[in-house]
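Survey of secondary and tertiary structure
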Amino acid sequence: MIEQSLVIIKPDAVRRKLIGMILNRFETEGLLIKKLKMIQIPRELAEKHYAEHEGKDFYPNLIKFITSGNVVVMILEGENAISFIRELVGATNPAEAEKGTIRGDFKEQPVKSVTENMVHASDSKSSARREIELFF
Ligand code: AMP
C-alpha cells in the first residue's frame, strides 16, 4: 500500500552536514519527496509533536535539542513507507543501530546520546497523519 510518512532530519545531522547523504539514501531506496522545508521548530510545535513523551526523564532535553537549530522536515511517499522508513533509519539508540541503516552508518563513535539520533520517522499510520497535519 502506498503510504506517506513524516520524516525530520534533526539538528545534529544538519550541523554535521548530513542532509544530502540522508536525502540521497531515501531517494535511492525509491521514496518520493512530496514536500520538504527547512525550519527551526518552535517550542510549542515541539511539545505537540513529542506530547507522548511528556513527563519522561529525557523529555526536557529532547525539546531543547529538537528546537536547538534548523531541521529539514519532509513528507516521504512509497510502498509501505512507514515501516520501510523505520527500518532504513534503524534502532532509536544509534549504539544499537545496525550497519546499512542511516543511524548505524552515520553515528558518531562513540555514541554520545540517544536523543541526538539524526532522524525522526513516523511510527504508525495514525502518527504519520497527526505529524503531517502538525508540520504541513
Ligand atoms: P520516538 O517517539 O520513538 O521517535 O522517540 C522520540 C525521540 O526521543 C527519539 O527519536 C530520541 O531522540 C528520543 N528518545 C527516545 N528514547 C530515549 C531515551 N531512552 N533516552 C533519550 N532520548 C530518547
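Everything that follows concerns the structure shown earlier in this document.
So, here's what we can say about the structure. Keep in mind the model is a prediction, meaning the values are calculated, not measured.

What follows concerns the pattern of salt bridges. As enumerated under the stated definition, the model contains 5 salt bridges in all. Residue R25 pairs with D105 through a salt bridge whose shortest N-O separation is 3.0 Å. Taken as a pair, R25 in helix 2 (residues 19-28) and D105 in helix 6 (residues 102-106) lie far apart in primary sequence, 80 residues in all. The exposure class assigned to D105 is partly exposed, which follows from its relative accessible area of 33%. Among the ionic pairs, K112 bridges to E108, the shortest N-O distance being 3.5 Å. By relative accessible area, which is 70% here, K112 ends up exposed.

Here we take up the site of the ligand. Near the ligand you find K10, Y50, E52, H53, F58, L62, T92, V114, T115, N117 and H120, and these make up its full shell. T115 has a polar backbone atom sitting 2.8 Å from an oxygen atom of the ligand. N117 places a side-chain nitrogen or oxygen 3.0 Å from an oxygen atom of the ligand. Coverage of the ligand by the protein amounts to 77% of the 480 Å² it exposes when considered alone. Split into classes, the residues belonging to the shell around the ligand amount to 4 nonpolar, 5 polar and 2 charged.

Turning our eyes to something else, we now look at unusual backbone geometry. Following Q109, the chain continues to P110 via a peptide bond in cis, the omega torsion being -5°. Within the secondary structure, P110 sits in the loop between helix 6 and strand 4 (119-121). A positive phi angle, close to 60°, is found at K17, a residue other than glycine. Within the fold, K17 resides in the loop between helix 1 (11-15) and helix 2. Exposure remark for K17: the relative accessible area of 72% places this residue in the exposed category. Backbone geometry places M118, a non-glycine residue, at a positive phi of 75°. Among the secondary structure elements, M118 is positioned in the loop between helix 6 and strand 4.

About the thresholds
- Residues numbered from 1 in each chain as written.
- Predicted model: local features only at pLDDT ≥ 70, side-chain atom pairs only at ≥ 80, totals over all residues.
- Heavy atoms only, no water.
- Salt bridge = Lys/Arg side-chain N within 4 Å of Asp/Glu carboxyl O.
- Helix = DSSP H or I, 4+ residues; strand = E, 2+ residues; numbered from the N terminus.
- Buried < 20%, exposed > 50% of the residue type's maximum accessible area, 1.4 Å probe, protein only.
- Near = heavy atom within 4 Å.
- Polar contact = N/O pair within 3.5 Å; in protein donor to acceptor, adjacent residues only side chain to side chain.
- Areas by Shrake-Rupley, 256 points an atom, 1.4 Å probe, with all protein chains shown as cover.
- Nonpolar A, V, L, I, M, F, W, Y, C, P; charged D, E, K, R; others polar.

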